[in-house]
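Chain and residue survey
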Amino acid sequence: MTSYDEEENYNEGEFGSVPKYGNQFEGGGGDAVPEGEKTKILLMGLRRSGKSSIQKVVFHKMSPNETLFLESTNKVQKDDISNSSFVQFSIWDFPGQIDFFDPTFEKESLFGNCGALIFVIDAQDDYLEALSKLHDTVTKAYQVNPSIRFEVFIHKVDGLSDDTKMETQRDIHQRANDDIIEAGLEQQVNLSFYLTSIYDHSIFEAFSKVVQKLIPQLATLENLINIFVSNSQIEKAFLFDVVSKIYVATDSSPVDMQTYELCCDMIDVVIDVSCIYGLGDEMDSQAFDDESDSVIKLNNSTILLLKEVSKVLALVCIMREENYQNPGLVQYNFKCFRDAIEDVFAVRAGRIQGGQVIRQVKGLPPVTEEEE
């Protein structure tokens with residue numbers, strides 16, 4: 001079994017530019033992203049399609065049952081996510097009655113700095129009108145900003161059978177792409193479709209896929225996870241944003257829904273137990289901190305590992321019990337992985353002096369490492 005930093009693929013030169021995540025590590029030194037530079041994610045769709053419910057459940061921990069009492073959105077609502085979470089962007093929730101053909105509508109200011117446009121379609125309702133609104137929205141947005149990523153959430157599928165889900169997705173996919181072809185944009189516009197519901201983890205997985213497309217360093221993060229997984233004999237690993245339970249990166253193996261749900265539940269368990277037993281006497285202490293570490297053994301010879309990466313990041317892994325015979329090696333490989341992630345942020349924060357990456361180790365003087 002080899003250790004993490006023996007991999008030849010691991011070098012500083014692969015990190016490249018770094019997204020503006022701010023100061024996520026101790027002594028990070030990165031400034032917060034200026035307001036005008038935050039990437040926007042637009043939530044659009046017809047009235048009562050479930051846009052506000054998605055936002056409340058994913059980013060505000062509202063119970064799905066409580067969303068039944070939400071009032072219909074009558075004006076644009078902006079939600080700044082960047083102050084408390086690793087994923088830094090602004091979500092704009094638009095009421096369904098907005099008319100993009102209104103000459104007073106400022107399309108340039110809205111779509112100009114937009115990273116992704118999420119259009120929500122109610123799968124339990126007649127979606128022909130929604131498809132027409134989707135086509136109008138996509139064409140207008142593409143004219144202003146050709147780099148926008150278009151995501152379609154086929155929502156409220158929890159009340160549909162599996163066959164109906166597949167048929168509905170197939171029909172919406174076909175009709176939407178036919179409209180794009182008719183407009184002559186089939187080479188320029190790519191629509192991504194997801195089946196979602198707030199009553200399971202499908203909405204978190206769909207949002208994870210959307211956010212990943214907006215992270216310039218996704219390939220670097222995935223490569224680091226792949227190296228860690230291969231050298232630690234781990235089955236699957238997710239790099240989670242703890243606040244929203246969105247996974248910002250994972251290894252190259254396929255994502256299984258049950259595995260993802262299991263890892264999400266582990267985050268809840270660790271934080272809940274920490275709130276009860278781990279806070280100590282300090283009332284202002286946090287349930288998730290640099291000492292957060294957990295190992296859970298399941299009755300099917302599977303082990304769940306959770307390790308803190310930063311204040312808002314956690315690496316959650318699944319491995320076979322027979323492969324966990326040397327916890328020290330796993331811990332060493334994780335330390336190398338965590339240092340590599342910190343180096344990514346060091347480049348962003350400008351902590352490079354004389355060709356060296358300056359690492360800030362808690363309680364110790366800065367550690368320098370030659371940049372290759």
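The rules behind the values
Residues numbered from 1 in each chain as written. Predicted model: local features only at pLDDT ≥ 70, side-chain atom pairs only at ≥ 80, totals over all residues. Heavy atoms only, no water. Pairing = 2+ DSSP bridges. Helix = DSSP H or I, 4+ residues; strand = E, 2+ residues; numbered from the N terminus. Axes fitted to C-alpha atoms, helices over the stretch in contact; angles between N-to-C directions. Salt bridge = Lys/Arg side-chain N within 4 Å of Asp/Glu carboxyl O. Buried < 20%, exposed > 50% of the residue type's maximum accessible area, 1.4 Å probe, protein only. pLDDT = per-residue confidence, 0-100. Contact = heavy atoms within 4.5 Å. Core = buried A, V, L, I, M, F, W, Y, C linked by side-chain atoms within 4.5 Å.

Across a sheet, paired strands are connected by hydrogen bonds in the backbone, their directions being either parallel or antiparallel. Ordered in space as E2-E3-E1-E4-E5-E6, the six strands form an open sheet in which the pairing is mixed. Here the strands that pair on one side only, and so sit at the sheet edges, are strand E2 (77-80) and strand E6 (191-195). For this sheet, the mean angle separating the axes of adjacent strands, direction not counted, is 20 degrees. Here strand E1 (residues 40-45) pairs with strand E3 (residues 90-93) via four bridges, running parallel. Within the sheet, the bridge partner assigned to Ile-41 lies in E3 and is Ile-91.

Turning to the sheet that holds strand E10 (residues 302-308), a few remarks are in order. Ordered by their spatial adjacency, five strands build an open sheet running E8-E7-E11-E10-E9, and the pairing between neighbours is antiparallel. Looking at the sheet topology across the chains shown, the edges are occupied by strand E8 (246-250) and strand E9 (293-297). Pairs of neighbouring strands in the sheet enclose a mean axial angle of 20 degrees, with direction left out of account. Taken together, the six bridges between strand E7 (residues 236-241) and strand E11 (residues 313-320) define a ladder with antiparallel strand orientation. Paired with Asp-241 across the strands is Leu-313, a residue of E11.

Once that is clear, we can look at the pattern of salt bridges. Scanning the model with the defined rule gives twelve salt bridges in all. Where Lys-307 meets Asp-293, a salt bridge forms, and the shortest distance between an N and an O atom there is 3.1 Å. On the criterion of sequence distance, the pair formed by Lys-307 in strand E10 and Asp-293 in strand E9 is long-range, its members being 14 residues apart. Under the relative-accessibility criterion, Asp-293 is labelled partly exposed at 43%. Via salt bridges that share partners, Glu-308, Arg-338 and Glu-342 belong to a single interconnected network.

So, about the confidence of the model for the protein. Reading predicted coordinates in detail is not appropriate for stretches of low pLDDT. Averaged over the protein, the pLDDT score is 81; the fraction of residues at 70 or greater is 78%. Note that pLDDT drops below 50 for residues 6-36; the model gives that stretch 86 contacts with residues more than four away or on any other chain. Note that residues 362-367 has pLDDT below 50 and, in this model, eight contacts with residues that lie over four places away or in other chains.

Moving on, we get to the nonpolar core. Counting residues in each nonpolar core, the largest one holds 64 residues, and the members touching the most others are Phe-153, Phe-207, Phe-240, Leu-315 and Phe-337. For this core, the element with the most residues is E11, which contributes seven residues. Here Phe-207 is in contact with Ile-54, Val-58, Phe-59, Ile-91, Ile-118, Phe-153 and Ile-246, once residues within four sequence places are set aside. Among the nonpolar cores identified, the runner-up in size contains 33 residues, and Phe-105, Leu-110, Ala-141 and Leu-185 belong to it.

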